[in-house]
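Residue-level listing of the chains:
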Amino acid sequence: MKKIDAARQNLDRLDSQLLDILAKRIEIVREIGEIKANQGLQVLDVQRERALLTSILEKAEKRHLSQHFVAQIFRQMIRYGRNTQESILTPLTHESPVVQYQGTRGAFSWLAARKYFSVRHTDFRMAGSHTYQEAIDAVSSGTSAYAVLPLENSLAGSFHEVIDLVAKSPCSIVGEEIIPIDLCLVALPGAQVSDLEVIYSHPVVLQQCARFLGTLDGVQTTAHEDTAAAAAKVQADGLKSQGAIASRHAAELCDLAILKEDISGVGSDITRFAIIAAQPISVDNHLPAKTSIVVNLPNEAGVLASIVNAFGQRGINMGKLESRPSADGSSLTRFYIELDGNAENPVLKEAVDSVRQIARSLRVLGCYVDRARLESESDDLLGRAVDPDPDPSAVELHVLPGKTPARKPGPKKPTFKFDSQPSGERSIVQVGQAAFGDGNFHVIAGPCAVENPTQLDLAARDARDAGAVVLRGGVFKPRTSPYSFQGLGWEGLRLLREAGDKYDLPIVTEVMATEQVGRVAELADMLQIGARNMQNFDLLREVGRTDRPILLKRGLMASIDELLMAAEYIMSQGNFQVVLCERGIRTFETATRSTLDLSAVPVLQERTHLPICVDPSHAAGRKALVAPLARGARAVGADSIMVEIHPDPANALCDGPQALSALELANLIAELK
Ligand code: PEP
Ligand code: MN
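Residues numbered from 1 in each chain as written. Chains lettered and ligands numbered in written order. Predicted model: local features only at pLDDT ≥ 70, side-chain atom pairs only at ≥ 80, totals over all residues. Heavy atoms only, no water.

### Some remarks on the coordination of the manganese ion (ligand 2)
Phase 1: At the metal site, the manganese ion (ligand 2) is ligated by Cys 448 (SG), His 618 (NE2), Glu 644 (OE) and Asp 655 (OD), and these contacts range over 2.0 to 2.4 Å.
Phase 2: Along the chain, the residues donating to the manganese ion (ligand 2) fall in the pattern C-x169-H-x25-E-x10-D. Taken as a pair, Cys 448 in the loop between β18 (442-446) and α15 (453-466) and His 618 in helix α21 (residues 616-620) lie far apart in primary sequence, 170 residues in all. The pair Cys 448 / His 618 is uniform in exposure class, with both members buried. (Donors = N, O, S within 2.8 Å, 3.2 Å for Na, K, Ca; no water. Helix = DSSP H or I, 4+ residues; strand = E, 2+ residues; numbered from the N terminus. Buried < 20%, exposed > 50% of the residue type's maximum accessible area, 1.4 Å probe, protein only.)

### Thoughts on the nonpolar core
Phase 1: The biggest cluster of nonpolar side chains holds 64 residues, and the ones touching the most others in it are Leu 527, Leu 552, Leu 580 and Ile 641.
Phase 2: For this core, the element with the highest residue contribution is helix α19 (residues 560-571), accounting for seven residues.
Phase 3: The contact partners of Leu 527, leaving out residues within four places of it in the chain, are Val 508, Thr 509, Val 511, Val 517, Val 520, Ala 521, Val 543, Thr 546, Arg 548, Pro 549, Ile 550 and Leu 551.
Phase 4: Within the second largest apolar cluster, 35 residues are counted, among which are Leu 196, Leu 213, Val 219 and Ile 275. (Core = buried A, V, L, I, M, F, W, Y, C linked by side-chain atoms within 4.5 Å. Contact = heavy atoms within 4.5 Å.)

### Points about the sheet that holds strand β7 (residues 198-201)
Sheet strands pair via backbone hydrogen bonds, and the direction of the pair is either parallel or antiparallel.
Phase 1: Taken in spatial order, the five strands of this open sheet run β8-β7-β9-β6-β10, and their pairing is mixed. Looking at the sheet topology across the chains shown, the edges are occupied by β8 (220-223) and β10 (257-260). The average undirected angle you get between the axes of adjacent strands in this sheet is 35°.
Phase 2: Pairing of β7 with strand β9 (residues 242-246) involves three bridges; the strand directions are parallel. Following the sheet pairing, Tyr 200 is matched in β9 by Ala 244.
Phase 3: Set on the sheet, helix α9 (residues 227-237) makes contact with β6 (184-187), β7 and β9; between it and β9 the angle comes to about 155°. (Pairing = 2+ DSSP bridges. Axes fitted to C-alpha atoms, helices over the stretch in contact; angles between N-to-C directions.)

### Structural notes on empty space enclosed by the protein
Phase 1: Tallied over the full model, the rule gives three cavities of 30 Å³ or more.
Phase 2: Quantified by volume, the largest cavity comes out at close to 190 Å³.
Phase 3: Considering the residues around the largest cavity, the lining is formed by 17 residues, among which Phe 108, Ser 109, Phe 159, His 202 and Val 205 are closest to the centre.
Phase 4: Those elements that place two or more of their residues in the lining of the largest cavity are α4 (108-120), β3 (146-153), α7 (203-208) and β11 (270-277).
Phase 5: Of the residues contributing to the lining of the largest cavity, the split by class is nine nonpolar, seven polar and one charged.
Phase 6: Estimates place the volume of the second largest cavity at around 50 Å³.
Phase 7: Broken down by secondary-structure element, the contributors of at least two residues to the lining of the second largest cavity are α4, β5 (172-180) and β15 (361-369).
Phase 8: In terms of residue count, the dominant contributor to the lining of the second largest cavity is β5 (three residues).
Phase 9: A per-class count over the lining of the second largest cavity returns seven nonpolar, two polar and four charged. (1 Å grid on protein atoms, 1.4 Å probe; cavity = no way out; pocket = protein on both sides within 12 Å on 5 of 7 lines; lining within 4 Å. Points joined across faces, edges and corners; volume = space filled by probe spheres on them. Nonpolar A, V, L, I, M, F, W, Y, C, P; charged D, E, K, R; others polar.)

### Quick look at the site of ligand 1
Phase 1: In the neighbourhood of ligand 1, the contacting residues comprise Arg 472, Lys 477, Pro 478, Glu 510, Gln 528, Gly 530, Ala 531, Arg 532, Lys 553, Arg 583, His 618 and Met 642.
Phase 2: The contact in question runs from an oxygen atom of ligand 1 to an N or O atom on the side chain of Lys 477, over 3.0 Å.
Phase 3: Here an oxygen atom of ligand 1 sits 2.8 Å away from a polar atom, N or O, in the side chain of Arg 532.
Phase 4: Burial of ligand 1 by the protein chains amounts to 96% of its free accessible area of 290 Å².
Phase 5: Of the residues that constitute the shell around ligand 1, the class distribution is three nonpolar, three polar and six charged. (Near = heavy atom within 4 Å. Polar contact = N/O pair within 3.5 Å; in protein donor to acceptor, adjacent residues only side chain to side chain. Areas by Shrake-Rupley, 256 points an atom, 1.4 Å probe, with all protein chains shown as cover.)

### Regarding the packing of aromatic side chains
Phase 1: One pass over the full model with this rule turns up five aromatic pairs.
Phase 2: A centroid spacing of 6.0 Å and a plane angle of 40° characterise the contact between Phe 117 and Phe 124, whose relative ring orientation is tilted. Neither Phe 117 nor Phe 124 differs from the other in exposure class; each is buried.
Phase 3: Ring centres 5.1 Å apart and planes at 80° place the aromatic pair Phe 476 and Trp 490 in the edge-to-face group. Of the two residues, Phe 476 sits in the loop between β19 (470-472) and α16 (489-502) while Trp 490 sits in helix α16, which places them 14 residues apart along the sequence.
Phase 4: Its relative accessible area of 30% is what places Trp 490 among the partly exposed residues. (Phe/Tyr/Trp six-rings, centres within 6.5 Å; stacked < 30°, edge-to-face > 60°.)

### With respect to the packing of α15 against helix α23 (residues 662-672)
Phase 1: As a packed pair, α15 and α23 sit with axes 9 Å apart at the nearest point and diverge in direction by 25°. By the angle between their directions, the pair α15 and α23 is classed as roughly parallel. The chirality of how α15 crosses α23 is right-handed. Together, Asp 462, Ala 463 and Ala 466 of α15 and Ala 662, Leu 665, Ala 666 and Ile 669 of α23 make up the contact between the two elements.
Phase 2: Here the contact of α15 with α23 is built from residues that sort into six nonpolar, no polar and one charged. (Parallel < 35°, antiparallel > 145°, perpendicular 65-115°, else oblique. Left-handed = near helix turned anticlockwise from the far one by under 90°.)

In structure tokens, the structure reads:
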């Protein structure tokens, strides 16, 4: 065998191994995706990705590999990973779908469809149609599950025909895909640019390359159905006088030569495609999302400004605003609008509702994953990860119409930007398998403090057997006296994690200081802010920067407004996974440890979309009162309770008098379920 053949064989073998490793890597990425889905974690973990890339580049340097190319390869792998995890969190429902695209094999729509669906399905079929209309009709009539249609090119602008067709059709936008457009001048092998008399391509592409085409003397341009079909025509006609503008991929498919690359000549050129389906989807709220709407507005001064303000004042960015002449020649103007945010986000919903009042008609075309954000570089995202402090004057307190009597203008009311509950929505906060706020009643149980391995093991087993869904346990204890047991600290956290893993329960534990937050967030599934720290604003901001759900306890002397403002602190940092916990307040009454304010539950439900938990243990201080108060909590509409238990209450190091036994907990849960 020739030397070069042997070397090539070695290379082939290595490439196969690389592919095996890539397949394994994607498998693990999937596994992590499932964990993120179960634990309600963000897909975009920019800190982690940045750390990964840094460490990979260090390793590359040691191996004398080009950092530039290794970075490119790994950035693509990270994108592949994010797309894979997106498909787990927001799965498509059709199995073996038929995907319509406009044009022929090798066209940019075909490339976009292949990129989007090859991450989600191993068996999908692609069908090319002549026109956008045909592709959409195939979806609305049910013959195809999806259509992939171009929405916007970075140089040529919007594909108006597609926008109008989608707006008129009963279909929804369920996704978007972005691909770089590498436009090449292609012709028969051996042909020169000077041989060309006619150049075929898609009309938008001819427009994109106008500057280059202007430099060619005496060459005619002719619009063709799509770039790949233009290349196919040049191949079929076999004339050296014909050229086409098409992708590198189409040139390869048609055995054509590339005469000139990158002829749009303006550097980066991308096209964004919409994925169309018959039914809308909802996007998991851990993914960056966009919402498209179409509104018909009366042609009157100031109407458009009020629409723009309705979104702007609520901090919602409009990524695209395109006016279209009304189809029926009426005095209405149609606007296609893309909003940054999830259609199910209460603030966005409220904004859309207020626009509906002004518009003649409004239709939500769909909510879908924001591809540019999902695929952008970690470094770009880091800069945007923390939003500036919300402008407190931007949004007024949102009250439910009819539920609160009209007030005379008085002192300025507090401003809630994230908390408010304008139209009855409830947010769901996912902790392990439990979805707080989903309409089911959940129980968090565990000892006041983690004391030793045996005590915790027994308590965790009892909690699991009784039907609790989250294990609690304090490791940093906020004790009134500095001489009382202060908790086991990090050792306690390790024990709690082990018990959680052993009994398959997510764990919640209190953080008392900002320095603890990062490390506790690595091990705990949910972080608790204790009553005494409800207004520790630095701590609230710190937990707001994690991606862990937060159990926020009401302060002993805190009003409901103050509790909601504390939640605002957390959410203003981007963490919306907050469960509010009523745990009793200090009143003149001394018969109980605190006075459980059960009326706070329905009041909070009126005022906020966040799930509500009640802690009867700390309110009561005595175990005999725990069950009646828990029943009351359920009756007034709490989503969950948190209860303290102990395998040996008489010898508990902390809060023994209020701890339930295993049997008492089991009876209570059985009664409440
Ligand atoms: C606790 O739940 O462990 C606790 C100390 O409660 P609180 O902060 O409500 O007093
Ligand atoms: Mn306690």
